[in-house]
Amino acid sequence: DIPIRHRAALFLEIFGNSLVQGKTEVYIDGIATLLRELIHEGDKYQGYLKNILNFDHLKQKHRDDIDKVFQSWKVENAFDVVTLRDHRLRGYYGDRYDCRKNMIDW
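In short, a report on the structure. Being a predicted model, the structure only gives us computed values, none of them experimental.

## Let's talk about the pattern of salt bridges
Line of reasoning, step 1. Tallied over the entire structure, the rule returns 3 salt bridges.
Line of reasoning, step 2. Across the pair Arg-36 and Asp-67 runs a salt bridge, and its minimum N-O distance is 2.7 Å. One end of the pair, Arg-36, is in helix H2 (residues 22-41); the other, Asp-67, is in helix H3 (residues 60-72), with 31 residues separating them in the sequence.
Line of reasoning, step 3. The residue Arg-90 makes a salt bridge to Asp-86 at a minimum N-O spacing of 3.0 Å. Placement of both Arg-90 and Asp-86 in helix H4 (residues 81-93) is noted, with a separation of 4 residues, approximately one turn of the helix.

Next up, the structure:
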């Protein structure tokens, strides 16, 4: 499987960054697929996540909501984080955004 040092780095990258590497993106996509299978198949699912997560007591509406979250983690639903951050910072700083050198990190 994955060595402990790589798992720690992967954890920090996923939960600490909005921009992730390609291999991390593929890992997240795979986990999202496993989680969606667990929600939809229920008792038929034979993966290791069955011992950790149990969705049996949720109503179908809540399962569908969780499924939408897992579906948003898929690679097909990518969005441009760099442009999003740029627009947010421009709105925050307003007129001061470009007025001084080194005021904002490029």
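## Section: the nonpolar core
Line of reasoning, step 1. Within the largest apolar cluster, 8 residues are counted, these being Ile-31, Leu-35, Leu-38, Ile-39, Tyr-45, Leu-49, Phe-55 and Phe-70.
Line of reasoning, step 2. Per-element accounting of this core gives the leading share, 4 residues, to H2.
Line of reasoning, step 3. What Tyr-45 contacts, discounting residues up to four positions off in sequence, is Leu-34, Glu-37, Leu-38 and Lys-50.

## Some points on the packing of helix H1 (residues 4-16) against H2
Line of reasoning, step 1. In contact at an axis separation of 11 Å, H1 and H2 are set at 85 degrees when each is read in the N-to-C sense. With respect to H2, the element H1 is oriented roughly perpendicular. Residues Leu-10, Glu-13 and Ile-14 of H1 form the contact with H2, whose own contacting residues are Thr-24, Tyr-27 and Ile-28.
Line of reasoning, step 2. Among the residues making up the contact of H1 with H2, the classes are represented as 4 nonpolar, 1 polar and 1 charged.

## Digging into the side chain of Lys-74
Line of reasoning, step 1. Here Lys-74 lies in the loop between H3 and H4.
Line of reasoning, step 2. Overall, the relative accessible area of 13% leaves Lys-74 in the buried class.
Line of reasoning, step 3. Leave out the neighbours within four places in its chain, and Lys-74 touches Asp-29, Ala-32 and Thr-33.

Definitions and cut-offs
Throughout, a residue's number is its position along its own chain's written sequence, starting from 1. With pLDDT at 70 or above as the cut-off, local features in this predicted model cover only qualifying residues; side-chain atom pairs require 80 or more to be listed or tallied, and sums for whole chains, interfaces and linings still use all residues. No hydrogens and no water enter the side-chain calculation; it runs on all heavy atoms of the structure. A carboxyl oxygen of Asp or Glu within 4 Å of a side-chain nitrogen of Lys or Arg is what we treat as a salt bridge. Put simply, DSSP H or I for four residues or longer makes a helix, DSSP E for two residues or longer makes a strand, and each gets a number counted from the N terminus. In this text, buried Ala, Val, Leu, Ile, Met, Phe, Trp, Tyr and Cys residues form a nonpolar core when linked through side-chain atoms within 4.5 Å. We call a residue buried when its accessible area falls under 20% of the maximum for its residue type, exposed when it is over 50%, and partly exposed in between, using a 1.4 Å probe and counting protein chains only. Contact definition: two residues touch when any of their heavy atoms are within 4.5 Å. Axis geometry follows a simple rule: fit a line to the C-alpha atoms, using only the stretch in contact for helices, then measure angles between N-to-C directions, giving values from 0 to 180 degrees. Each angle is binned into one of four classes, with values under 35 degrees roughly parallel, values over 145 roughly antiparallel, values of 65 to 115 roughly perpendicular, and all other values oblique. Under the grouping applied here, Gly and all other residues not named as nonpolar or charged are polar, the nonpolar ones being Ala, Val, Leu, Ile, Met, Phe, Trp, Tyr, Cys and Pro and the charged ones Asp, Glu, Lys and Arg.

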